[in-house]
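Residues per chain, in single letters:
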Amino acid sequence: MRDSATTRDSVARQFAAYIKTHRTVRQIRWITPDGMEQIRVERDGNAPVQRTGNALQDKSAQPYVQEAVSLDSNDLYVSPMELNIENGRIETPHKPVMRFALGLHDIQDRPLGLLVVNFLATHWLDAFHDSPLNMAGDLMLFNQRGYWLIGPSERDEWGFALGHDATVARQYPFGWQAIREHDNGSAVTAGGLWSWR
């Protein structure tokens, strides 16, 4: 990506057009190999807005940048679902996101940084929560470490990001043990009937 104002404006317009037609996209950014945002377009309400100057952030300390910056050409990094962080703070109201990052390289295969797209996960979580399957019992969703993404109550959710230890293992140890032993299945425990995938 040639670094000129004209090129940046052109790329930013393309990012904005994509955001405008894809309601689940929260942000699209070009981040250089040192972790600095160079182009940032984000959804503000229903409209895409390009951020410039001091609004561009250093993301070098973010785990997704540290993991994705070493990607080879055409490799894709997919983050776990997490709460979006802006200026070092978790956004409120909470905005669950998944980040997809593609390593960018020039024609000589020298790294130019990352193309990072933040997808709003709220739509996916709402669809999961509103699923007809949820009428048969309590659907819960948690990450591989057992932290609730959709839990028995809202206060239990996002513990890994919010600094509390509400987990499946702490609240339902027998259910968690069964889940850890098998990728999918069902079991009757002291906590009730468990069925998982």
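Quick note: structure is the one above.
Computed from a predicted structure; not experimentally measured.

The rules behind each value
Residues numbered from 1 in each chain as written. Predicted model: local features only at pLDDT ≥ 70, side-chain atom pairs only at ≥ 80, totals over all residues. Heavy atoms only, no water. Buried < 20%, exposed > 50% of the residue type's maximum accessible area, 1.4 Å probe, protein only. Helix = DSSP H or I, 4+ residues; strand = E, 2+ residues; numbered from the N terminus. Pairing = 2+ DSSP bridges. 1 Å grid on protein atoms, 1.4 Å probe; cavity = no way out; pocket = protein on both sides within 12 Å on 5 of 7 lines; lining within 4 Å. Points joined across faces, edges and corners; volume = space filled by probe spheres on them. Nonpolar A, V, L, I, M, F, W, Y, C, P; charged D, E, K, R; others polar. Polar contact = N/O pair within 3.5 Å; in protein donor to acceptor, adjacent residues only side chain to side chain. Contact = heavy atoms within 4.5 Å.

1. A word on the pairing of strand β8 (residues 96-105)
Of all the 10 residues making up β8, 7 are buried; the element is thus mostly covered by neighbouring parts of the structure. Looking at chain direction, strand β4 (residues 76-78) and β8 are connected through 3 bridges and run antiparallel. Across the sheet, Val-78 pairs through a bridge with Phe-100, a residue of β8. In the sheet, strand β5 (residues 82-83) pairs with β8 via 2 bridges, with the strands oriented antiparallel. Bridging across to β8, Glu-82 finds its partner in Val-97.

2. Things to note about the layout of surface pockets
Taken as a whole, the second largest pocket holds about 480 Å³ of empty space. For the second largest pocket, the lining is made up of 19 residues, of which His-129, Leu-149, Ile-150, Glu-154 and Glu-157 are closest to its centre. Going through the elements one at a time, α3 (122-129) and β11 (148-150) are the ones with two or more residues in the lining of the second largest pocket. The greatest single-element share of the lining of the second largest pocket, amounting to 4 residues, is contributed by α3.

3. Some thoughts on empty space enclosed by the protein
Summed over all chains, the structure comprises 1 cavity of 30 Å³ or more. In this model, the largest cavity occupies a volume close to 30 Å³. Taken together, Gln-27, Arg-29, Lys-59, Gln-62, Tyr-64, Asn-84, Ile-85, Glu-86, Arg-99 and Asn-118 make up the lining of the largest cavity. Elements that contribute at least two residues to the lining of the largest cavity include exactly β1 (25-31) and β6 (85-86). A breakdown of the residues in the lining of the largest cavity according to their chemical character gives 2 nonpolar, 4 polar and 4 charged.

4. Side note on the environment of Thr-7
With respect to the element layout, Thr-7 can be found in helix α1 (residues 5-21). Separated by 47 residues in the primary sequence, Thr-7 and Asn-54 have C-alpha atoms spaced 20 Å apart.

5. Quick notes on the side chain of Gln-57
Mapped onto the elements, Gln-57 comes out in the loop between β3 (47-51) and α2 (63-68). Exposure remark for Gln-57: the relative accessible area of 9% places this residue in the buried category. Reaching out from Gln-57, the side chain makes a polar contact with the side chain of Glu-86 at a distance of 2.8 Å. One polar contact links the side chain of Gln-57 to the main-chain amide nitrogen of Asn-87, over a distance of 3.0 Å. Filtering out sequence-adjacent residues up to four positions away, Gln-57 remains in contact with Gly-35, Met-36, Glu-37, Arg-40, Glu-86 and Asn-87.

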